[in-house]
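Tertiary structure, described
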Amino acid sequence: MNKVFISFEQNTKKFQWALLTCLVSLLLYGLYKNGFSYYFQGLITLQEASSLLVFPLISLACSFLYESIEKRRVHFSLSGAMEGILFCLLIHPRFPLWCYLILVVLYFLLKKFLATKLPTVSLICLIKVLSTLLSEFIFHIDYQNIVEVSYPYLYGILDAFFGRSVGALGTTSIFLILICYGVSCSNYYYKKELPIYILGSFFLLETIYVLLVSHDNLLLELLNSHVFFAAIVLAPMKNKSPAEAKGLVLYGIAIGIGCFLISNFVNMTDGIYIVLLLAQIIWTIYLNIQTVKYQKTLVTQKD
(Lines give C-alpha, C1' and ligand atoms only; values in the text may rest on other atoms or scores of the structure.)
Protein backbone atom coordinates (compact mmCIF):
# COMPACT_ATOMS: atom_id res chain seq x y z
CA MET A 1 0.00 0.00 0.00
CA ASN A 2 1.39 3.37 -0.96
CA LYS A 3 1.79 5.85 1.86
CA VAL A 4 1.49 9.52 0.95
CA PHE A 5 0.61 11.77 -1.96
CA ILE A 6 3.27 14.36 -2.68
CA SER A 7 6.00 14.43 -0.07
CA PHE A 8 7.97 17.27 -1.60
CA GLU A 9 11.04 16.65 0.53
CA GLN A 10 11.20 12.91 -0.19
CA ASN A 11 10.39 12.80 -3.90
CA THR A 12 13.04 13.09 -6.57
CA LYS A 13 13.61 16.27 -8.53
CA LYS A 14 12.66 14.40 -11.69
CA PHE A 15 9.21 13.60 -10.33
CA GLN A 16 8.78 17.12 -8.99
CA TRP A 17 9.54 18.62 -12.39
CA ALA A 18 7.12 16.20 -14.08
CA LEU A 19 4.32 17.05 -11.65
CA LEU A 20 5.06 20.77 -11.88
CA THR A 21 4.80 20.50 -15.66
CA CYS A 22 1.33 18.93 -15.30
CA LEU A 23 0.14 21.67 -12.96
CA VAL A 24 1.53 24.37 -15.25
CA SER A 25 -0.27 22.78 -18.20
CA LEU A 26 -3.55 22.97 -16.25
CA LEU A 27 -2.84 26.61 -15.46
CA LEU A 28 -1.91 27.52 -19.04
CA TYR A 29 -5.03 25.86 -20.38
CA GLY A 30 -7.13 27.71 -17.81
CA LEU A 31 -5.57 31.05 -18.80
CA TYR A 32 -6.21 30.32 -22.47
CA LYS A 33 -9.74 29.01 -22.00
CA ASN A 34 -10.92 31.80 -19.70
CA GLY A 35 -9.03 34.69 -21.25
CA PHE A 36 -6.85 34.57 -24.33
CA SER A 37 -9.14 32.38 -26.46
CA TYR A 38 -11.82 35.06 -26.16
CA TYR A 39 -9.30 37.80 -26.88
CA PHE A 40 -8.32 36.08 -30.14
CA GLN A 41 -12.03 35.98 -31.04
CA GLY A 42 -12.31 39.71 -30.38
CA LEU A 43 -14.79 39.26 -27.52
CA ILE A 44 -12.65 40.83 -24.78
CA THR A 45 -9.68 43.19 -24.62
CA LEU A 46 -6.07 42.14 -24.09
CA GLN A 47 -6.15 43.81 -20.67
CA GLU A 48 -9.14 41.69 -19.61
CA ALA A 49 -7.47 38.52 -20.88
CA SER A 50 -4.14 39.35 -19.22
CA SER A 51 -5.77 40.15 -15.88
CA LEU A 52 -5.98 36.42 -15.13
CA LEU A 53 -2.18 36.30 -14.98
CA VAL A 54 -2.37 38.20 -11.70
CA PHE A 55 -3.72 35.12 -9.88
CA PRO A 56 -0.61 32.92 -10.34
CA LEU A 57 1.70 35.92 -9.90
CA ILE A 58 0.19 36.67 -6.48
CA SER A 59 0.37 33.09 -5.17
CA LEU A 60 3.87 32.46 -6.56
CA ALA A 61 5.16 35.76 -5.14
CA CYS A 62 3.70 34.98 -1.70
CA SER A 63 5.19 31.47 -1.81
CA PHE A 64 8.60 32.96 -2.69
CA LEU A 65 8.38 35.48 0.17
CA TYR A 66 7.30 32.80 2.65
CA GLU A 67 10.18 30.47 1.77
CA SER A 68 12.73 33.30 1.77
CA ILE A 69 11.60 34.43 5.23
CA GLU A 70 11.66 30.83 6.51
CA LYS A 71 15.17 30.19 5.13
CA ARG A 72 16.37 33.72 5.95
CA ARG A 73 17.78 34.00 2.45
CA VAL A 74 16.47 34.28 -1.09
CA HIS A 75 14.95 30.86 -1.76
CA PHE A 76 12.30 29.37 -4.02
CA SER A 77 11.90 25.61 -4.28
CA LEU A 78 10.01 23.35 -6.66
CA SER A 79 7.59 22.56 -3.85
CA GLY A 80 6.91 26.27 -3.39
CA ALA A 81 6.22 26.68 -7.10
CA MET A 82 3.81 23.71 -7.08
CA GLU A 83 2.09 25.08 -3.99
CA GLY A 84 1.63 28.51 -5.56
CA ILE A 85 0.26 27.10 -8.81
CA LEU A 86 -2.04 24.60 -7.10
CA PHE A 87 -3.54 27.44 -5.07
CA CYS A 88 -4.51 29.52 -8.10
CA LEU A 89 -5.87 26.51 -10.02
CA LEU A 90 -8.74 26.29 -7.53
CA ILE A 91 -9.94 29.88 -7.84
CA HIS A 92 -12.52 30.86 -10.40
CA PRO A 93 -11.75 33.60 -12.93
CA ARG A 94 -14.25 36.16 -11.59
CA PHE A 95 -13.12 36.01 -7.96
CA PRO A 96 -12.08 39.48 -6.62
CA LEU A 97 -8.31 39.92 -6.74
CA TRP A 98 -8.16 41.79 -3.42
CA CYS A 99 -9.94 38.94 -1.65
CA TYR A 100 -7.72 36.37 -3.39
CA LEU A 101 -4.65 38.19 -2.07
CA ILE A 102 -6.07 38.07 1.47
CA LEU A 103 -6.72 34.31 1.17
CA VAL A 104 -3.20 33.63 -0.11
CA VAL A 105 -1.64 35.62 2.73
CA LEU A 106 -3.93 33.84 5.21
CA TYR A 107 -2.80 30.50 3.80
CA PHE A 108 0.88 31.18 4.42
CA LEU A 109 0.19 32.69 7.85
CA LEU A 110 -1.63 29.51 8.92
CA LYS A 111 0.60 27.04 7.12
CA LYS A 112 3.04 26.20 9.92
CA PHE A 113 0.39 26.33 12.64
CA LEU A 114 -1.97 23.91 10.88
CA ALA A 115 0.88 21.60 9.89
CA THR A 116 1.70 21.26 13.60
CA LYS A 117 -1.77 21.23 15.16
CA LEU A 118 -3.87 19.58 12.42
CA PRO A 119 -1.47 17.81 10.05
CA THR A 120 -4.24 15.61 8.61
CA VAL A 121 -6.34 18.56 7.39
CA SER A 122 -5.42 20.12 4.04
CA LEU A 123 -4.98 23.88 4.36
CA ILE A 124 -5.40 24.32 0.61
CA CYS A 125 -8.73 22.50 0.83
CA LEU A 126 -9.74 24.66 3.79
CA ILE A 127 -8.94 27.90 1.95
CA LYS A 128 -10.73 26.58 -1.13
CA VAL A 129 -13.88 25.94 0.92
CA LEU A 130 -13.60 29.45 2.38
CA SER A 131 -13.36 30.97 -1.11
CA THR A 132 -16.37 28.87 -2.16
CA LEU A 133 -18.47 30.16 0.72
CA LEU A 134 -17.41 33.73 -0.03
CA SER A 135 -18.28 33.31 -3.70
CA GLU A 136 -21.63 31.71 -2.96
CA PHE A 137 -22.96 33.83 -0.10
CA ILE A 138 -21.01 37.12 -0.11
CA PHE A 139 -19.98 37.93 -3.69
CA HIS A 140 -22.68 35.81 -5.40
CA ILE A 141 -20.31 34.78 -8.17
CA ASP A 142 -20.86 31.72 -10.34
CA TYR A 143 -18.19 29.81 -12.26
CA GLN A 144 -18.86 31.43 -15.61
CA ASN A 145 -16.12 33.69 -16.90
CA ILE A 146 -16.88 37.17 -18.24
CA VAL A 147 -17.68 35.88 -21.75
CA GLU A 148 -19.76 32.89 -20.67
CA VAL A 149 -22.02 35.25 -18.73
CA SER A 150 -22.76 37.25 -21.89
CA TYR A 151 -22.55 34.38 -24.39
CA PRO A 152 -23.96 31.24 -22.74
CA TYR A 153 -23.50 28.03 -24.73
CA LEU A 154 -24.21 24.33 -24.51
CA TYR A 155 -21.25 21.98 -24.55
CA GLY A 156 -20.94 18.33 -25.47
CA ILE A 157 -19.08 15.31 -24.16
CA LEU A 158 -15.75 16.16 -25.77
CA ASP A 159 -16.01 19.73 -24.45
CA ALA A 160 -16.55 18.38 -20.93
CA PHE A 161 -13.58 16.00 -21.25
CA PHE A 162 -11.11 18.47 -22.71
CA GLY A 163 -12.10 21.39 -20.51
CA ARG A 164 -14.48 23.73 -22.29
CA SER A 165 -16.99 23.31 -19.46
CA VAL A 166 -17.50 25.91 -16.74
CA GLY A 167 -15.24 25.59 -13.71
CA ALA A 168 -12.35 27.03 -11.74
CA LEU A 169 -9.30 28.56 -13.39
CA GLY A 170 -7.44 25.26 -13.74
CA THR A 171 -9.84 22.42 -12.92
CA THR A 172 -11.94 21.99 -16.07
CA SER A 173 -9.74 19.78 -18.26
CA ILE A 174 -10.32 16.15 -17.27
CA PHE A 175 -7.84 15.13 -19.98
CA LEU A 176 -4.99 17.05 -18.30
CA ILE A 177 -6.10 15.92 -14.83
CA LEU A 178 -5.82 12.29 -15.96
CA ILE A 179 -2.32 12.98 -17.28
CA CYS A 180 -1.51 14.35 -13.84
CA TYR A 181 -2.83 11.07 -12.36
CA GLY A 182 -0.59 9.04 -14.67
CA VAL A 183 2.47 11.06 -13.66
CA SER A 184 1.59 10.79 -9.95
CA CYS A 185 1.19 7.01 -10.23
CA SER A 186 4.87 6.80 -11.15
CA ASN A 187 5.67 7.84 -7.58
CA TYR A 188 5.69 5.09 -4.94
CA TYR A 189 4.16 7.30 -2.26
CA TYR A 190 1.10 8.29 -4.27
CA LYS A 191 -2.10 6.54 -3.13
CA LYS A 192 -3.19 5.57 -6.62
CA GLU A 193 -6.07 3.45 -5.30
CA LEU A 194 -7.87 6.34 -3.56
CA PRO A 195 -9.02 8.17 -6.75
CA ILE A 196 -10.35 4.85 -8.05
CA TYR A 197 -12.44 4.33 -4.90
CA ILE A 198 -13.80 7.89 -5.03
CA LEU A 199 -14.55 7.96 -8.75
CA GLY A 200 -15.85 4.39 -8.79
CA SER A 201 -18.44 5.00 -6.05
CA PHE A 202 -19.40 8.35 -7.59
CA PHE A 203 -19.81 6.80 -11.07
CA LEU A 204 -21.92 3.93 -9.73
CA LEU A 205 -24.36 6.13 -7.81
CA GLU A 206 -24.52 8.76 -10.55
CA THR A 207 -25.28 6.11 -13.18
CA ILE A 208 -28.11 4.63 -11.10
CA TYR A 209 -29.54 8.09 -10.41
CA VAL A 210 -29.42 9.20 -14.06
CA LEU A 211 -30.93 5.96 -15.41
CA LEU A 212 -33.72 5.75 -12.84
CA VAL A 213 -34.46 9.33 -11.81
CA SER A 214 -33.04 12.30 -13.72
CA HIS A 215 -32.65 10.81 -17.25
CA ASP A 216 -29.96 13.39 -18.05
CA ASN A 217 -27.00 12.82 -20.35
CA LEU A 218 -25.08 10.15 -18.44
CA LEU A 219 -21.62 10.87 -19.82
CA LEU A 220 -21.95 14.60 -19.17
CA GLU A 221 -22.99 13.91 -15.58
CA LEU A 222 -20.06 11.53 -15.06
CA LEU A 223 -17.53 13.93 -16.57
CA ASN A 224 -17.56 16.22 -13.54
CA SER A 225 -14.16 17.90 -13.56
CA HIS A 226 -14.48 19.04 -9.94
CA VAL A 227 -14.83 15.42 -8.79
CA PHE A 228 -11.85 14.36 -10.92
CA PHE A 229 -9.64 17.16 -9.61
CA ALA A 230 -10.61 16.60 -5.97
CA ALA A 231 -10.16 12.82 -6.26
CA ILE A 232 -6.86 12.84 -8.15
CA VAL A 233 -5.04 15.95 -6.95
CA LEU A 234 -6.38 16.90 -3.51
CA ALA A 235 -7.72 13.75 -1.82
CA PRO A 236 -4.47 11.71 -1.81
CA MET A 237 -2.37 14.55 -0.41
CA LYS A 238 0.38 13.76 2.07
CA ASN A 239 -0.93 12.50 5.43
CA LYS A 240 -4.48 13.64 4.61
CA SER A 241 -6.05 10.17 4.28
CA PRO A 242 -5.75 6.70 5.87
CA ALA A 243 -2.68 4.62 5.12
CA GLU A 244 -4.14 1.15 5.73
CA ALA A 245 -6.05 -0.60 2.93
CA LYS A 246 -9.45 -0.99 4.64
CA GLY A 247 -9.47 2.56 5.93
CA LEU A 248 -8.56 3.89 2.49
CA VAL A 249 -11.44 1.99 0.87
CA LEU A 250 -14.00 3.31 3.36
CA TYR A 251 -12.56 6.82 3.13
CA GLY A 252 -12.72 6.83 -0.69
CA ILE A 253 -16.24 5.39 -0.86
CA ALA A 254 -17.49 7.92 1.71
CA ILE A 255 -16.08 10.81 -0.34
CA GLY A 256 -17.58 9.37 -3.52
CA ILE A 257 -21.01 9.14 -1.88
CA GLY A 258 -20.67 12.69 -0.58
CA CYS A 259 -19.70 13.95 -4.05
CA PHE A 260 -22.79 12.28 -5.53
CA LEU A 261 -25.12 13.76 -2.92
CA ILE A 262 -23.80 17.29 -3.12
CA SER A 263 -23.63 17.23 -6.93
CA ASN A 264 -27.29 16.24 -7.29
CA PHE A 265 -29.08 17.62 -4.24
CA VAL A 266 -27.16 20.77 -3.25
CA ASN A 267 -26.92 23.65 -5.68
CA MET A 268 -23.27 24.47 -5.02
CA THR A 269 -20.66 23.99 -7.74
CA ASP A 270 -17.76 23.70 -5.32
CA GLY A 271 -19.55 21.65 -2.68
CA ILE A 272 -17.34 18.69 -3.53
CA TYR A 273 -14.44 20.35 -1.74
CA ILE A 274 -16.59 20.76 1.36
CA VAL A 275 -17.15 16.98 1.28
CA LEU A 276 -13.40 16.41 1.08
CA LEU A 277 -12.71 18.80 3.97
CA LEU A 278 -15.40 17.16 6.14
CA ALA A 279 -13.88 13.74 5.40
CA GLN A 280 -10.46 14.98 6.55
CA ILE A 281 -11.93 16.47 9.73
CA ILE A 282 -13.84 13.27 10.56
CA TRP A 283 -10.71 11.21 9.95
CA THR A 284 -8.74 13.58 12.22
CA ILE A 285 -11.32 13.12 14.99
CA TYR A 286 -11.12 9.35 14.54
CA LEU A 287 -7.32 9.43 14.85
CA ASN A 288 -7.54 11.51 18.02
CA ILE A 289 -10.04 9.06 19.55
CA GLN A 290 -7.77 6.14 18.68
CA THR A 291 -4.79 7.96 20.20
CA VAL A 292 -6.68 8.57 23.46
CA LYS A 293 -7.73 4.91 23.61
CA TYR A 294 -4.15 3.79 23.02
CA GLN A 295 -2.83 6.08 25.76
CA LYS A 296 -5.45 4.75 28.20
CA THR A 297 -4.41 1.20 27.30
CA LEU A 298 -0.78 2.01 28.07
CA VAL A 299 -1.75 3.52 31.43
CA THR A 300 -3.84 0.42 32.28
CA GLN A 301 -0.98 -1.90 31.37
CA LYS A 302 1.43 0.03 33.59
CA ASP A 303 -0.97 -0.21 36.51
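First things first, this report covers the structure right here in the doc. (Residues numbered from 1 in each chain as written. Predicted model: local features only at pLDDT ≥ 70, side-chain atom pairs only at ≥ 80, totals over all residues. Heavy atoms only, no water.)

**What to know about the overall build of the protein chain**
- Helix and strand counts for the protein chain come out as 14 helices and 0 strands.
- Going residue by residue from the N terminus, the α and β elements of the protein chain occur as α-α-α-α-α-α-α-α-α-α-α-α-α-α.
- The C-alpha radius of gyration computed for the protein chain amounts to 20 Å, which stays within 12% of the reference 19 Å derived for 303 residues, consistent with globular compactness.
- C-alpha extents for the protein chain along the principal axes are approximately 80 × 60 × 40 Å.
- For the protein chain, the exposed area adds up to about 15,200 Å²; of that, 68% sits on carbon and sulfur atoms.
- Taken together, the 21 basic and 16 acidic charged side chains of the protein chain have centroids lying 14 Å from each other. (Helix = DSSP H or I, 4+ residues; strand = E, 2+ residues; numbered from the N terminus. Rg over C-alpha atoms; globule rule 2.2 N^0.38 Å. Areas by Shrake-Rupley, 256 points an atom, 1.4 Å probe, with all protein chains shown as cover. Lys, Arg positive; Asp, Glu negative; His and termini not counted. Charge placed at Lys NZ, Arg CZ, Asp CG, Glu CD.)

**Notes on the environment of K296**
- Relative to the assigned elements, K296 resides in helix 14 (residues 271–302).
- As a C-alpha pair, K296 and A231 span 65 residues in sequence and 36 Å in three-dimensional space.

**Some points on the packing of aromatic side chains**
- As enumerated under the stated definition, the model contains 20 aromatic pairs in all.
- When the ring of W98 is compared with that of F139, the centres are 5.9 Å apart and the planes differ by 90°; the resulting orientation is edge-to-face. Here the residue W98 occupies a position in helix 5 (residues 97–117), and F139 occupies one in the loop between helix 6 (123–138) and helix 7 (146–150), the gap between them amounting to 41 residues.
- Ring centres of Y209 and F260 lie 5.7 Å apart, and the angle between their planes is 75°; on these two criteria the pair is classed as edge-to-face. Taken together, the residues Y209 in helix 10 (residues 193–214) and F260 in helix 13 (residues 245–265) connect sequence positions 51 residues apart. (Phe/Tyr/Trp six-rings, centres within 6.5 Å; stacked < 30°, edge-to-face > 60°.)

**Some points on empty space enclosed by the protein**
- Evaluated as defined, the whole model comprises 1 cavity of 30 Å³ or more.
- Space inside the largest cavity adds up to approximately 60 Å³.
- What lines the largest cavity is F87, L90, I91, Y100, I124, I127, K128 and S131.
- When residues of the lining of the largest cavity are assigned to their parent elements, the largest contribution, 4 residues, is made by helix 6.
- When its residues are assigned to classes, the lining of the largest cavity shows 6 nonpolar, 1 polar and 1 charged. (1 Å grid on protein atoms, 1.4 Å probe; cavity = no way out; pocket = protein on both sides within 12 Å on 5 of 7 lines; lining within 4 Å. Points joined across faces, edges and corners; volume = space filled by probe spheres on them. Nonpolar A, V, L, I, M, F, W, Y, C, P; charged D, E, K, R; others polar.)

**Considerations on the nonpolar core**
- Residues L86, L89, Y100, F229, L234, I255 and L276 are the most contacted members of the largest nonpolar core, which totals 78 residues.
- Apart from residues no more than four positions distant in its own chain, F229 is found in contact with L26, L86, L89, L90, G170, T171, I177, L234 and Y273. (Core = buried A, V, L, I, M, F, W, Y, C linked by side-chain atoms within 4.5 Å. Buried < 20%, exposed > 50% of the residue type's maximum accessible area, 1.4 Å probe, protein only. Contact = heavy atoms within 4.5 Å.)

**Remarks on helix 5**
- When the terminal C-alpha atoms of helix 5 are compared, their 30 Å separation across 21 residues agrees well with the 30 Å that a helix rising 1.5 Å per residue should span.
- Of all bends in helix 5, the biggest is about 45°, found at K111.
- Residues C99, Y100, L103, V104, Y107, F108 and L114 constitute the buried set of helix 5. (Expected span 1.5 Å × (residues − 1). Bend = angle between axes of the 7 residues up to and from the residue.)

**Notes on the pattern of salt bridges**
- Applying the stated criterion across every chain yields a total of 2 salt bridges.
- Salt-bridge contacts for E70 lead to K112; the nearest nitrogen and oxygen are separated by 3.0 Å. You can see E70 sitting in helix 3 (residues 54–71) and its partner K112 sitting in helix 5, a full 42 residues away along the chain.
- You can call E70 partly exposed: its relative accessible area is 40%. (Salt bridge = Lys/Arg side-chain N within 4 Å of Asp/Glu carboxyl O.)

**Details of helix 12 (residues 225–234)**
- The element helix 12 is extensively covered by neighbouring structure, given that 10 of its 10 residues are classed as buried.
- For helix 12, the full list of buried residues reads S225, H226, V227, F228, F229, A230, A231, I232, V233 and L234.
- The opening residue of helix 12 is N224, an N-cap whose side-chain oxygen sits 3.1 Å from the backbone nitrogen of H226. (Polar contact = N/O pair within 3.5 Å; in protein donor to acceptor, adjacent residues only side chain to side chain.)

**Some points on unusual backbone geometry**
- Backbone geometry at R72 places phi at a positive 60°, although glycine is not the residue there.
- Inspection of the secondary structure assignment puts R72 in the loop between helix 3 and helix 4 (78–89).

**Observations concerning the environment of C180**
- With respect to the secondary-structure elements, C180 resides in helix 9 (residues 174–185).
- With 161 residues separating them in the primary sequence, C180 and L19 have C-alpha atoms 6.8 Å apart.

**A short note on the packing of helix 10 against helix 13**
- At their nearest, the axes of helix 10 and helix 13 sit 7 Å apart, and the two run at 40° to each other. It follows from the interaxial angle that helix 10 and helix 13 lie oblique. For the element pair helix 10 and helix 13, the recorded crossing hand is right-handed.
- A per-class count over the contact of helix 10 with helix 13 returns 15 nonpolar, 5 polar and 2 charged. (Axes fitted to C-alpha atoms, helices over the stretch in contact; angles between N-to-C directions. Parallel < 35°, antiparallel > 145°, perpendicular 65-115°, else oblique. Left-handed = near helix turned anticlockwise from the far one by under 90°.)

Scope: geometric values only; no functional claims are made or implied.
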